[in-house]
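Descriptive structure summary
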Amino acid sequence: MQNVHHKPWLMLVTLYMSQYVGISFLLAASVVVLRGLGLPLEQLALINLVMLPLAGKIVLALLVDYLPTCFKGHYRGWLIIAQLSMTVLLVIISFVHIVEQFYLVLALFLIYSVMTCLQDVSVDGLACKIFAEGERQNANAIQYASNLVGNIIGGGVVLIFYEQLQWQGAVIILALLTALSLIQVLFYKEPILVHALSGKEVLLESKQGLIKQIFFFCKVHKAWFLFLLILPIGFSSAYVLINPMLVDLGWSIQEIGFVTKIYGSIIGVVSAMLILLLIKRFGRNRTVQLLITLQALALIFLLPLTTGSASVADVYIAIGLYSLINPALLAAISTVIMDKASTMRAKATFFSLQLSFVVVMGFVYSVIALTLASSYGYYTVLIIYIILAILVAVLSCAGLLTNKSGNEAES
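Numbers given to residues run from 1 along each chain, matching the order in which its sequence is written. Reporting in this predicted model follows two pLDDT cut-offs: at least 70 for local features of residues, and 80 or more for side-chain atom pairs to be given and counted; totals over whole chains, interfaces and linings ignore these cut-offs and use all residues. Just so you know, side-chain values use all the structure's heavy atoms and leave hydrogens and water out.

**Comments concerning the overall build of the chain**
Heads up, the rule is: The secondary structure listing takes helices from DSSP runs of H or I that are at least 4 residues long and strands from runs of E that are at least 2 residues long, numbered from the N terminus. For each residue, the accessible area found with a 1.4 Å probe, counting protein chains only, is set against the maximum for its type, and the residue is called buried under 20%, exposed over 50%, and partly exposed in between. The accessible surface values rely on the Shrake-Rupley method and a 1.4 Å probe; as for residues, cover is taken only from the protein chains in view.
Secondary structure summary: the chain contains 16 helices and zero strands in total. Within the chain, the fraction of its 411 residues that count as buried is 55%. Summed over its atoms, the accessible surface of the chain is roughly 17,600 Å², and 72% of this surface lies on carbon and sulfur atoms.

**What about the nonpolar core?**
Stated formally: By nonpolar core is meant a set of buried Ala, Val, Leu, Ile, Met, Phe, Trp, Tyr and Cys residues that side-chain atoms within 4.5 Å join together. Contact criterion: two residues are considered in contact whenever any of their non-hydrogen atoms come within 4.5 Å of each other.
Residues Phe109, Trp167, Leu246, Leu305 and Ile333 are the most contacted members of the largest nonpolar core, which totals 128 residues. Ile333 has contacts with Trp224, Phe227, Leu228, Leu231 and Val288, leaving out every residue within four places of it along the chain.

**Examining a nonpolar patch on the surface**
Convention followed: Surface patches are drawn from residues lacking salt bridges whose relative accessible area is over 30%; two like charges belong together within 9 Å, two nonpolar side chains (Val, Leu, Ile, Met, Phe, Trp, Tyr) within 5 Å. Note on definitions: salt bridges are taken to be side-chain nitrogens of Lys or Arg within 4 Å of carboxyl oxygens of Asp or Glu.
Taken together, Leu290, Leu294, Leu297, Ile300, Phe301 and Ile317 make up a surface patch of nonpolar side chains, about 490 Å² in accessible area. In terms of residue count, the dominant contributor to the nonpolar patch is helix H13 (residues 284–299) (three residues). By the element assignment, Leu297 lies in helix H13.

**Notes on helix H5 (residues 102–130)**
Operational definition: One fewer than the residue count of a helix, multiplied by 1.5 Å, yields its expected span.
Its 29 residues give H5 an end-to-end C-alpha distance of 41 Å, which sits within 8% of 42 Å, the value for a rise of 1.5 Å per residue. Counted residue by residue, H5 has 23 buried out of 29 residues, so it is predominantly covered.

**Details of the packing of aromatic side chains**
Applicable threshold: Between the rings of Phe, Tyr and Trp (Trp by its six-membered ring), a pair exists once the centres lie within 6.5 Å; its type follows the angle of the planes, with under 30 degrees stacked, over 60 edge-to-face, and the other angles tilted.
Applying the stated rule across the entire model yields ten aromatic pairs. Ring plane angle 85° and centroid distance 5.8 Å describe the contact between Phe109 and Tyr112, whose orientation is recorded as edge-to-face. Remark: Tyr112 and Phe109 occur in helix H5; sequence separation between them is three residues, near one turn of the helix. Tyr112 shares its class with Phe109; the two are buried.

**A look at the side chain of Thr287**
As a reminder of what qualifies: In protein, a polar contact means a hydrogen-donor-capable atom and an acceptor-capable atom, both N or O and within 3.5 Å, with residues adjacent in sequence counting only if both atoms are side-chain atoms; elsewhere, any N or O pair within 3.5 Å suffices.
The topology assignment puts Thr287 in helix H13. Among the polar contacts listed, one links the side chain of Thr287 to the backbone oxygen of Gly283, at a separation of 2.6 Å.

**Observations concerning unusual backbone geometry**
In this structure, Gln166 takes a positive phi of about 60° despite not being glycine. Mapped onto the elements, Gln166 comes out in helix H7 (residues 162–186). The class for Gln166 is partly exposed, based on a relative accessible area of 43%.

**Structural notes on the pattern of salt bridges**
Opposite charge on two side chains allows them to pair when their charged atoms are near. Here the structure, examined in full by the defined rule, presents five salt bridges. In this structure, the salt-bridge partner of Glu190 is Lys129, at a minimum N-O distance of 2.8 Å. With Glu190 in the loop between H7 and helix H8 (199–205) and Lys129 in helix H5, the pair connects residues that are 61 residues apart, well separated along the chain. Each member of the pair Glu190 and Lys129 is classed as buried.

**Quick word on helix H11 (residues 233–248)**
Defined as follows: Two axes define the bend at a residue: one fitted to the seven residues ending there, one fitted to the seven starting there, and the bend is the angle between them.
For H11, with 16 residues, the first-to-last C-alpha span of 23 Å sits near the 22 Å given by 1.5 Å per residue. If you look at H11, its biggest bend is around 30°, right at Ile242, and the proline Pro244 turns up within four residues after that. Listed in full, the buried residues belonging to H11 are Ile233, Gly234, Phe235, Ser236, Ser237, Ala238, Val240, Leu241, Ile242, Met245 and Leu246. Looking one or two places after H11, you find Gly250, whose phi comes out positive at around 90°.

**What to know about the packing of H5 against helix H15 (residues 347–376)**
Two measures define how a pair of helices packs: the angle their axes make with one another and the distance between the axes. The condition is simple: In this analysis, axes come from line fits to C-alpha atoms, helices being fitted only over the stretch in contact, and the angle between any two N-to-C directions falls in the range 0 to 180 degrees. Any angle that falls under 35 degrees is termed roughly parallel, while one over 145 is termed roughly antiparallel, one within 65 to 115 roughly perpendicular, and all others oblique. Two helices that cross are described as forming a left-handed crossing if the nearer one is turned anticlockwise from the farther one by less than a right angle, and a right-handed crossing if clockwise. In this classification, the charged set is Asp, Glu, Lys and Arg, the nonpolar set is Ala, Val, Leu, Ile, Met, Phe, Trp, Tyr, Cys and Pro, and all remaining amino acids, among them Gly, are polar.
The geometry of H5 relative to H15 is characterised by a closest axis approach of 8 Å and an angle of 110° between their N-to-C directions. As the angle between them shows, H5 and H15 are arranged roughly perpendicular. Once H5 is placed against H15, the crossing between them reads as right-handed. The residues of H15 that touch H5, namely those facing Val121, Asp124, Gly125, Cys128 and Lys129, are Lys347, Ala348, Phe351 and Ser352. Split by residue class, the contact of H5 with H15 holds four nonpolar, two polar and three charged.

**Comments concerning the packing of H11 against helix H14 (residues 312–341)**
Where H11 meets H14, the axes come as close as 12 Å, and the angle between the chain directions of the two elements is 150°. Our classification of the angle between H11 and H14 gives roughly antiparallel. Pair H11 / H14 crosses with left-handed handedness. Residue-level inspection shows Phe235, Ala238, Tyr239, Ile242 and Leu246 of H11 in contact with H14, the latter providing Val315, Ile319, Tyr322, Asn326, Leu329 and Leu330. Residues belonging to the contact of H11 with H14 are distributed by class as follows: ten nonpolar, one polar and no charged.

**Side note on the environment of Gly134**
Among the secondary structure elements, Gly134 is positioned in the loop between H5 and helix H6 (136–160). Overall, the relative accessible area of 30% leaves Gly134 in the partly exposed class. Sequence separation between Gly134 and Ile279 is 145 residues; the distance between their C-alpha atoms is 9.9 Å.

**Focus: the environment of Ser236**
Tracing the chain through its elements places Ser236 in helix H11. Given the relative accessible area of 9%, Ser236 is considered buried. The spatial distance from the C-alpha of Ser236 to the C-alpha of Ser366 is 5.6 Å, given a sequence separation of 130 residues.

**Points about the confidence of the model for the chain**
What counts here: For every residue, the predictor assigns a confidence score, pLDDT, that lies between 0 and 100.
In this model, the chain carries an average pLDDT of 83, and 90% of its residues clear a pLDDT of 70 or more. Within the chain, H8 has the poorest average pLDDT of any element, 45, and helix H4 (residues 74–94) the best, 94. In the predicted structure, residues 194–207 sits below a pLDDT of 50 and forms 28 contacts with residues beyond four places in sequence or in another chain. Residue range residues 403–411 is modelled with pLDDT below 50. Its contacts to residues more than four positions away, or to other chains, number 35 contacts.

This is the structure we're talking about:
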């Protein structure tokens, strides 16, 4: 059995980075490139279809948890399949003409997105399995920091050097970065069992049948699921409004890409690592409560962007504060989600089940925010969402955020 004190940190860093390099390149860099080549906006809008597989992550999680592979190590096997597929797809895409064969590239990237989601649920399940309670904040800090580094590489750095690399060179670099994590997975030995089941885990696993387990899990954590439903009200609405506001302020695509993808992501890396200090000092629940409160206050700094005359300093301060708080909040939330998922044998499934509430409701709140903004303007919508974010913070501090998994551990 693998030594429980030895964790594959470097492998996790490269895995989490590879989740974002390809998709970030498609959603950010390739849009700039394609628009520069004259592709119409209605075709560019189709690129967002690659995000559709996110809605099916819970199905992929069930696949990962309940179907074995021919490889040794349950989650390792699925990681090999996903990572190998991602690498091969990127190599194939690099040989396809991005403009003349746009729809083929889009279809290949859609398959690539499915494999990225498969990799995501597999590494989440592995992390739930191999990390003890006191280590999970480290894993989630690494996850969000690495995601943001991948975002910087795929959406920023590759774009900067695109003239030298061109389409094939840029995508091949993404394939090589993905292959780097694949090599590490191939040499990784997944432990059979890291720690014994607790009394809580025995109770949950005593319920036979997946549907019964899900209902029982939701019943045990009903206040938590209610909290997850309202959690994205603040950060989702803010994120979806930032780019349109910057466009209306007259910022160029390159300027927006730098301030959001590079400047914001660099601060986000620091933010993600910040939870290590915060959880050690305050514990999980109080850290989440603190960050939710700070997030509500940080949204106020976005208000100058709604006036049409915000200065460059206003923009950088607003995005800097948002980027300093949001990744830390998501990492802290994911730590609590991992605590609860670790009590179940189907760890990837129950991790994705909880996270899907945040993702789906975040999408809903984003659509509502954009719809309302088109009718009532950015300022009114932001005021409404700031009030709602403050309400979420008050409810959290009043005890809506409950955790019966002992996750107030200080280490």
